[in-house]
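The lines below spell out each chain.
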Amino acid sequence: MYKLCANIRNSQKFVRLYQTGEAGVYGFRPPAKKSQFEVPENVLQARVSNSNLYRWVEAFRSHGHHAAAFNPIDFKKDQPDLPELKPSHYGLNLSDLINTDGILSCEKSSLTVSDLENVLKSIYCGNVGAEFAYISSTEEREWLSENFETSLNEKIEDSVKREIAELMLKSQAWDNFLATKFPTVKRYGGEGNESFFAFFRELFACAANVELQNVVLGMPHRGRLNLLTILLGTRPVKIFHKYRGNPEFPPEAKAMCDIAQHFHTSEDLVFNGKTIHVAMPHNPSHLEAVNPVSMGKTRSKQQTARDGAFSDDLEKNFGHDVLNVQIHGDGAFPGQGINQECLLMSGTPHFQIGGTIHLVVNNQVAFTTPSDRGKSSKYCTDLAKTIEAPVFHVNADDPEALTKVTKLAFDYQRRFRKDVFIDLNCFRRWGHNEMDDPTFTNPAQYEVIHARPSIPDFYAEKLISEGVLSKKDVEQVVESHMKHLNDELAQVETYQPDAYYFKRQWHGLRQAGDELTYWDTGCDWNVLSFVGRNSVQTPKEFNVHPHLLKTFIMGRMKKIIEGTKIDWATAEALAFGSLMYQGHNVRLSGEDVGRGTFSHRHAMLIDQKTNEMYIPLNAMRGGLGGKLELAHSILSEEAVLGFEYGYAIDNPNNLVIWEAQFGDFFNGAQIIIDTFIATGETKWMISNGLVMLLPHGLDGAASEHSSCRMERFLQMTDSKETSPDGDSVNMQVVSPTTPAQYFHLLRRQMIRDFRKPLVVVAPKTLLRLSEATSNYLEFLPGTQFKNVLGDQLAKEKNVKKVIFCTGKHYYNLNEERLKRKDESVAIVRVESLCPFPSHEIQEEIKKYKNATTFIWSQEEHRNSGAWTFIKPRFENLCGKKIQYTGRYEGATTAVGVGKWHRKEAEEVVSAPFDLR
């Protein structure tokens, strides 16, 4: 083993090329340096020679969207006065002859200013408005102006027009069918935005043409069922079966189910003879919350496909194999802060996915709020400007223009690997749902909507007038689809839901059972010793911080050699490295995770002279080659945690961990916890093994640096008060008190044949507490996580009082006991709060036959912590009355006065010993 470690040390220089410097670290590769983009000299000269003409054309590129006709229901008829678009503003006369070479992409011949004005208006002030002048990159602006000006003149083949019309007519037929057969159901249909089928048709065709493997689609409820049943392969009978009041899962599934508008898909689709996989994750009713989930799922698939920086190919950028697409609502996109977080993540190392294609379904009204009341800026897409993403505003009455713009957006994403937005200006024919009357609040808007034809009918009439379709063709499309829907409806009574879960990469896993199971998560010490040494080894020329070299690196080497005093960070490294050795990838995400909030982890090291980052575990040789990705996140909780959830639901073989800077800050991500992590399995049969590390402890740091609110997580579990818990609880909530316990928890997440979210009430002071260490025997084969840690000091026959507690509070209680020399007290640690270990607690109670007093002691306030969770379960399942000691009821988690804190800390430690 020692020889093997020495060989690894000698090979570090080769590995370093991949781990550090300009090559980046695992999961991140800095952008390659490329030559400065330059506009050709002849083009620059033409612009200089015709500077006023060039300024005028540039004005259309910058301001033309203000005059564009992309609103299909413009009931206000505002006509902006834009002097910037008038030729006279630049000293040009309408009759002047000009040459546009080098100035405009779509015209090369000489023409008059008047002629050019018509051309510019047709491009920039027609059914599409373009915004990209704010982009700082000259190369991008030049590319966008050239391609936008030429793409709108491209012809759409008649066969494509027919396909678009057919999809839109089917969508309208679907909504009409549901309105007839299920008149009281809120379907959140696509009436008014049917042209988004032109977007999806073109998008999937483009994706197939460049042989993308996967498209991951985040989408809200509006028009979702239309898309699922018409283009994404979901059988209508599945929807009808649900609308008839039936569950969407087979009887053996333990699930509470969800509404149809939250259904997902994961299907192989064929476009242009090529297969792509389209995955649309489940969405909750919290708008936009699914977006970071789709991004995390995208990156996980990119890791599996060795896309981007996960590849050894230095020319392969993220998005080569997997594309992310997001659909937004016009009210929700500017209104939900999670979107800003997602955009800020889009270019952040370890969160990059190579650019997202965004489509905003712009109904021009939120629930009832008019567009101009729901934002402070002109467009609902203005948030896109924060990352310099181009935006194209498109009139929904022109699906052909939408097709062209979709192709342009796709090409832009492929070339620059950046986000791009399409703002589809449409309308909502009915209210927020079909039972709602929108004329109560928006009468002028709906007077226009109700007076105009539907978008499919409008486009069909256009194609009939062009001779592309006949009325009979239109009737046949509708009749055929109606027949298909009726045939599906006739099968509702015999329909059997599919067990679509635990397929593909989830094959071999199962839903957890009702019994508590125990798993051997120990490892051979030779392997762990090998891992431990590798976790702090660096190349010879690497300049380690002298303090870390002395206290951290040498300290860990000593712990590994002696096999004693193994601290929290070392145990974590052993868990990570051993899982990597077995082939699992580990992803640790959050703020400051490389060093750790409390400067304890140092899973990455920084060269003190070159500023290069180095991750020792990724240089480990041997085993099955798992990797560690340290993802330093933006200062956000909601979008980041959603991203990690998306990562975890995609690949069960990756250990995905999110660490809060302090446990108190988790509530910034409450929506993700409530709607995905705690409920995803029971609603959707989607398991996940996401780990949340929430540093917790009342240490005198006042109310926002003291508590992870464990009581809230316990309340969100489906743990039972009157019968024993099993593995099937929706979430595990634990408060480990030793490094070995933490080690086993992490390994258990990957070794079990099912996945459950793990909430770790993580320590702060225990990270360096000498008493809170483990020895190598606690990591060996045959060892496991213990739900309860009994008292190793108490003499059973002397015990009259048993104190139950959890977390770091144990060490304070034990210190008090030793100080008092009180042999009448036993202290039992409840390491697993949920599932509640009733059997193990009963076994502990049996040991103390002379005990008459049972106490739950906690440092938290009475209305916080685990007390209200523990009491009914302890008394109902263990058959003993239990008393409380701890802080009083408090509106906040901790006092903000040092003297008060010290007094309370003394009282909560002494109270259980003084209680009679």
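This one's a predicted model, so the numbers in the text were calculated from it and none came from an experiment.

Rules behind the numbers
Here the residue numbering is sequential within each chain, running from 1 through the sequence in written order. With pLDDT at 70 or above as the cut-off, local features in this predicted model cover only qualifying residues; side-chain atom pairs require 80 or more to be listed or tallied, and sums for whole chains, interfaces and linings still use all residues. The side-chain quantities take in all heavy atoms of the structure and omit both hydrogens and water. Two strands pair if DSSP finds at least two bridges between them. Put simply, DSSP marks the helices as runs of H or I at least four residues long and the strands as runs of E at least two long, and each gets a number from the N terminus on. Only heavy atoms matter for contacts: two residues are in contact if any of them lie within 4.5 Å across the pair. To obtain each axis, a line is fitted to C-alpha atoms, and for helices this fit is confined to the stretch in contact; angles are then taken between N-to-C directions over 0 to 180 degrees. Per-residue accessibility, obtained with a 1.4 Å probe over protein chains only, is compared with the maximum for each type, and a residue is labelled buried under 20%, exposed over 50%, and partly exposed between these values. Buried Ala, Val, Leu, Ile, Met, Phe, Trp, Tyr and Cys residues that are joined via side-chain atoms within 4.5 Å together make up what is termed a nonpolar core. Oblique is the label for any angle not under 35 degrees, not over 145, and not in the 65 to 115 range, which are roughly parallel, roughly antiparallel and roughly perpendicular in turn. With the far helix as reference, a near helix turned anticlockwise by less than a right angle produces a left-handed crossing, and one turned clockwise produces a right-handed crossing. Each residue is assigned to one class: nonpolar for Ala, Val, Leu, Ile, Met, Phe, Trp, Tyr, Cys and Pro, charged for Asp, Glu, Lys and Arg, and polar for all the others, Gly among them. One side-chain nitrogen of Lys or Arg within 4 Å of one carboxyl oxygen of Asp or Glu is enough to make a salt bridge.

(A) Molecular detail of the sheet that holds strand S24 (residues 883-887). Read across the open sheet, the five strands follow the order S19-S21-S20-S23-S24; overall the sheet is mixed. If you trace the sheet from one side to the other, it starts and ends with strand S19 (788-789) and S24, each paired once. Of the pairings in the sheet, the one linking strand S20 (residues 801-805) to strand S23 (residues 853-861) comprises four bridges and is parallel in character. Following the sheet pairing, valine 802 is matched in S23 by phenylalanine 854. Those strands touched by helix H28 (residues 867-878) are S20, S23 and S24, and its axis lies near 165 degrees from that of S23.

(B) Up close: unusual backbone geometry. With an omega of 5 degrees, the peptide bond between cysteine 834 and proline 835 qualifies as cis. Looking at the element boundaries, proline 835 is found in the loop between strand S22 (832-834) and helix H27 (838-847). Unusually for a residue other than glycine, glutamine 364 sits at a positive phi of about 65 degrees. Checked against the element boundaries, glutamine 364 lands in the loop between strand S8 (356-362) and strand S9 (391-395). Owing to a relative accessible area of 13%, glutamine 364 belongs among the buried residues under this scheme.

(C) Main features of the nonpolar core. Leu116, Phe199 and Phe204 are the most contacted members of the largest nonpolar core, which has 110 residues in total. In this structure leucine 116 touches Leu53, Trp56, Val57, Ile98, Thr100, Leu104 and Leu111, once residues within four positions along its chain are discounted. One finds Val293, Ala660, Phe666 and Trp684 within the second-largest nonpolar core, a separate group that totals 73 residues.

(D) Inspection of the packing of H27 against H28 at higher detail. For the pair H27 and H28, the least separation of the axes is 10 Å and the interaxial angle reads 70 degrees. Our classification of the angle between H27 and H28 gives roughly perpendicular. For H27 against H28, the interelement crossing comes out right-handed. Where H27 abuts H28, its residues Ser838, Ile841, Gln842 and Ile845 lie against Phe874, Leu877 and Cys878. Here the contact of H27 with H28 is built from residues that sort into five nonpolar, two polar and no charged.

(E) Layout of the sheet that holds strand S16 (residues 691-695). The strand order across the open sheet built from seven strands is S14-S11-S15-S16-S18-S17-S22, with neighbouring strands paired in mixed fashion. Among the strands making up the open sheet, the edge pair consists of strand S14 (628-632) and S22. Direction aside, the axes of adjacent strands within the sheet are offset by 20 degrees on average. As paired elements, strand S11 (residues 585-590) and S14 share five bridges and run parallel to each other. Within the sheet, the bridge partner assigned to serine 589 lies in S14 and is alanine 631. Each of strand S15 (654-659), S16, strand S17 (732-734) and strand S18 (758-762) is contacted by helix H25 (residues 739-751), which is oriented at about 130 degrees to S15, the strand it contacts most.

(F) Spotlight on the pairing of strand S21 (residues 825-830). Burial analysis of S21 places six of its six residues in the buried class, the great majority of the element. Residues Val825, Ile827 and Arg829 of S21 are buried on one face, and the alternating residues Ala826, Val828 and Val830, pointing to the opposite face, are buried as well. Relative to S21, S19 runs antiparallel, the two sharing two bridges. When the bridges of S21 are listed, valine 788 appears paired with valine 830. Sheet topology note: the S20/S21 ladder contains five bridges and is parallel. By the bridge assignment, valine 802 is partnered in S21 with alanine 826.

(G) Quick look at the pattern of salt bridges. Tallying each qualifying case throughout the model produces 53 salt bridges. Between lysine 301 and aspartate 650 there is a salt bridge, with its nearest N and O atoms 2.9 Å apart. Of the two residues, lysine 301 sits in helix H11 (residues 290-304) while aspartate 650 sits in helix H21 (residues 638-650), which places them 349 residues apart along the sequence. Looking at lysine 301, the relative accessible area reads 11%, which means it is buried. The exposure class assigned to aspartate 650 is buried, which follows from its relative accessible area of 2%. Between arginine 820 and glutamate 816 there is a salt bridge, with the nearest N and O atoms lying 2.7 Å from each other. Placement of both arginine 820 and glutamate 816 in helix H26 (residues 809-820) is noted, with a separation of four residues, approximately one turn of the helix.

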